[in-house]
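Topology and contacts: notes
For reference, the chains in residue letters:
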Amino acid sequence: MKIFRAASPGQVSLGLAVLRIATGAVFIDHGYQKMFKMGIGGVTGFFTQIGVPMPSVMATLITLLEVFGAVALIVGFLTRPIALAFALDMLGAIFLVQL
């Protein structure tokens, strides 16, 4: 008895698109908050408090990544490099904020 069947290439493409859009939406929300609500100065202050190295540089880079990288991810532009940058962003968040 066969329960599962292999996904078609169209189904795989649709699934990846949904994943890209959902991930991009989350990062756009966080980037928007950093850019327009906290401001780079507020993000720099927060990064300084939690011990992020080069807080002003990292605040700018992370904010830009989370806004413009998320847009690029949603439209499918440079998805692998952007995904790697987001993975490093989240590793930094795990080790510097959560732990």
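Being a predicted model, the structure only gives us computed values, none of them experimental. All residue numbers here refer to positions counted from 1 along the written sequence of the relevant chain. Two thresholds apply to this predicted model, a pLDDT of at least 70 for residue-level local features and 80 or more for giving and counting side-chain atom pairs, whereas whole-chain, interface and lining totals are computed over all residues. Excluding hydrogens and water, the side-chain values take into account all heavy atoms of the structure.

Okay, the pattern of salt bridges next. Any carboxyl oxygen of Asp or Glu that lies within 4 Å of a side-chain nitrogen of Lys or Arg is treated as forming a salt bridge with it. If you walk through the whole model with that rule in mind, you get 1 salt bridge. Across the pair Glu66 and Lys34 runs a salt bridge whose closest N-O atoms are separated by 3.0 Å. On the criterion of sequence distance, the pair formed by Glu66 in helix α2 (residues 55–75) and Lys34 in helix α1 (residues 9–50) is long-range, its members being 32 residues apart. Accessibility classification places Glu66 together with Lys34 in one group, the buried group. The secondary structure listing takes helices from DSSP runs of H or I that are at least 4 residues long and strands from runs of E that are at least 2 residues long, numbered from the N terminus. For each residue, the accessible area found with a 1.4 Å probe, counting protein chains only, is set against the maximum for its type, and the residue is called buried under 20%, exposed over 50%, and partly exposed in between.

Turning our eyes to something else, we now look at α2. Helix span, as expected, comes to 1.5 Å for every residue beyond the first. Helix length check: α2, at 21 residues, gives a terminal C-alpha distance of 29 Å against a target of 30 Å (1.5 Å per residue), a fit within 8%. Given a residue, its bend is the angle between the two axes fitted to the seven residues that end at it and to the seven that start from it. The sharpest bend along α2 measures roughly 30° and falls at Leu65. All buried positions along α2 are accounted for by Ala59, Ile62, Thr63, Leu65, Glu66, Val67, Gly69, Ala70, Ala72 and Leu73. Turning to α2, the residues buried within the fold contact α1 and α3 (79–98). Contact definition: two residues touch when any of their heavy atoms are within 4.5 Å.

Let us look at the packing of aromatic side chains. Only the six-membered ring of Trp is used, alongside the rings of Phe and Tyr, when aromatic pairs are assigned; centres must lie within 6.5 Å, and planes under 30 degrees apart are stacked while those over 60 apart are edge-to-face, with the rest tilted. Counted by the stated rule, this structure contains 3 aromatic pairs. For the pair Phe27 and Phe86, a centre-to-centre distance of 3.9 Å together with 15° between the ring planes defines the contact as stacked. Here Phe86 lies in helix α3 and Phe27 lies in helix α1, a separation of 59 residues in the sequence. Measuring from ring centre to ring centre gives 6.1 Å for Phe46 and Phe47, while their planes differ by 50°; the resulting arrangement is tilted. We classify Phe46 as partly exposed; its relative accessible area is 34%. Assessed through its relative accessible area of 9%, Phe47 is described here as buried.

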